[in-house]
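Spelled out, the chains give:
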Amino acid sequence: MGKSNRNTDRRQAVEALRRQQAAEAKRRKIVFGVAIGAAVVLIGGLLAWGIWMNTQPEFEVNEPSAAVTDTYGVQIGDGPVEIDLFIDYMCPACNQFESAYSAQIQSWVDDGSVTVNYHPLTILDRLSSGTEYSSRAAAAAVCAADAGQQQFLDYTLALYENQPAENSEGLTDDELISIGKDVGLDGDWQSCVEDDTYRGWVQEGNTNATTDQGITATPTAKVNGEKVENSTFADKVEAAIAG
């Protein structure tokens, strides 16, 4: 099968998954506010230890080849409305956020309405039995961003579809790589993951978010620099797009 056919198959699979999520979005949003509130309270109550565990990078800080912000956000799209999303790949509430809004985010990016800055945090490293899953997954996602903006979105979606439970060891590096291959990543991307290329960068980003930017929970969303409630995120974005 040629490369173009593989890319077409990958995009069709991803779009099918996004359509399924969009069909379920209304139902998810009904329970989203309650679930997210409970998760935010839990994460906020434990955040102090998470900050303490992540104050000093343990790895070399390498600047990604992908477009990034000076606040450690992976930049997706180039639209006038700016969205900042602070996420943790082990965070169940972040998974709910992705399930509720990923199709809309994709649509806004595709039609040039928004620029989305994804800030992959490492707060929940302490809930992966010493394997630092949040850091490893975040670094792998930044490697995916080097391959392309759509690759980052597809890999993020796939990571949440395969999200491990809190207080488990998380996915192994081999599993992270296998998930990437399933969405068309390989070659230089795999080497990037195996070499822990962006572990230091995401740890720096975690420190920046939790200290300089005052992020106290994941997911946290900002629209044009202002924090918004996760349950009304789409409405706030639509209002900003409408002007």
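Residues numbered from 1 in each chain as written. Predicted model: local features only at pLDDT ≥ 70, side-chain atom pairs only at ≥ 80, totals over all residues. Heavy atoms only, no water.

Let's talk about unusual backbone geometry
Following Thr218, the chain continues to Pro219 via a peptide bond in cis, the omega torsion being -5°. Its place among the elements puts Pro219 in the loop between helix H7 (199–212) and strand S4 (220–223). Residues other than glycine seldom take positive phi values, yet Ser129 does so here, at roughly 55°. On the secondary structure map, Ser129 appears in the loop between strand S3 (114–120) and helix H3 (133–147). For Asp196, which is not glycine, the phi dihedral falls at a positive 55°. (Helix = DSSP H or I, 4+ residues; strand = E, 2+ residues; numbered from the N terminus.)

Focus on the pattern of salt bridges
Across all of its chains, the model carries three salt bridges by this definition. With a shortest N-O distance of 3.5 Å, Asp196 and Arg199 are connected by a salt bridge. Judged by its relative accessible area of 24%, Asp196 is partly exposed. Taking the relative accessible area as the measure of exposure, Arg199 reaches 5% and is therefore buried. What you see here is one network of salt bridges that share partners, running through Glu132, Asp196 and Arg199. (Salt bridge = Lys/Arg side-chain N within 4 Å of Asp/Glu carboxyl O. Buried < 20%, exposed > 50% of the residue type's maximum accessible area, 1.4 Å probe, protein only.)

What about the side chain of Ser135?
Within the secondary structure layout, Ser135 lies in helix H3. Residue classification places Ser135 among the buried positions, given a relative accessible area of 0%. Reaching out from Ser135, the side chain makes a polar contact with the side chain of Asp125 at a distance of 2.5 Å. Excluding anything up to four places from it in sequence, Ser135 contacts Thr122, Asp125, Arg199, Val202 and Gln203. (Polar contact = N/O pair within 3.5 Å; in protein donor to acceptor, adjacent residues only side chain to side chain. Contact = heavy atoms within 4.5 Å.)

Side note on a negative patch on the surface
Taken together, Asp110, Asp111, Asp235 and Glu238 make up a surface patch of like negative charges. Structurally, Asp110 can be placed in helix H2 (residues 92–110). (Patch = residues over 30% accessible without salt bridge, like charges linked within 9 Å, V, L, I, M, F, W, Y side chains within 5 Å. Areas by Shrake-Rupley, 256 points an atom, 1.4 Å probe, with all protein chains shown as cover. Lys, Arg positive; Asp, Glu negative; His and termini not counted. Charge placed at Lys NZ, Arg CZ, Asp CG, Glu CD.)

As for the nonpolar core
One recurring pattern in soluble globular proteins is that nonpolar side chains are buried together. Among the nonpolar cores identified, the biggest contains 62 residues, and Leu85, Tyr89, Ile105, Tyr118, Tyr155 and Phe233 are the most heavily contacted of them. With 10 residues, the single largest contributor to this core is H3. Setting aside residues up to four positions removed in sequence, Leu85 forms contacts with Phe97, Ile105, Val116, Asn117, Tyr118, His119, Thr220, Ala221 and Phe233. (Core = buried A, V, L, I, M, F, W, Y, C linked by side-chain atoms within 4.5 Å.)

Examining the sheet that holds strand S5 (residues 226–228)
Adjacent strands of a sheet pair through backbone hydrogen bonds, lying either parallel or antiparallel. Taken in spatial order, the five strands make up an open sheet running S1-S3-S2-S4-S5, and their pairing is mixed. Every other strand in the sheet has two partners, leaving strand S1 (74–77) and S5 as the edge strands with one partner each. When the angles between neighbouring strand axes are averaged without regard to direction, this sheet yields 25°. Alignment of strand S2 (residues 81–87) against S4, held across four bridges, turns out to be antiparallel. Of the residues in S4, the one forming a bridge with Ile83 is Val223. Each of S1, S2 and S3 is contacted by helix H4 (residues 149–161), which is oriented at about 110° to S1, the strand it contacts most. (Pairing = 2+ DSSP bridges. Axes fitted to C-alpha atoms, helices over the stretch in contact; angles between N-to-C directions.)

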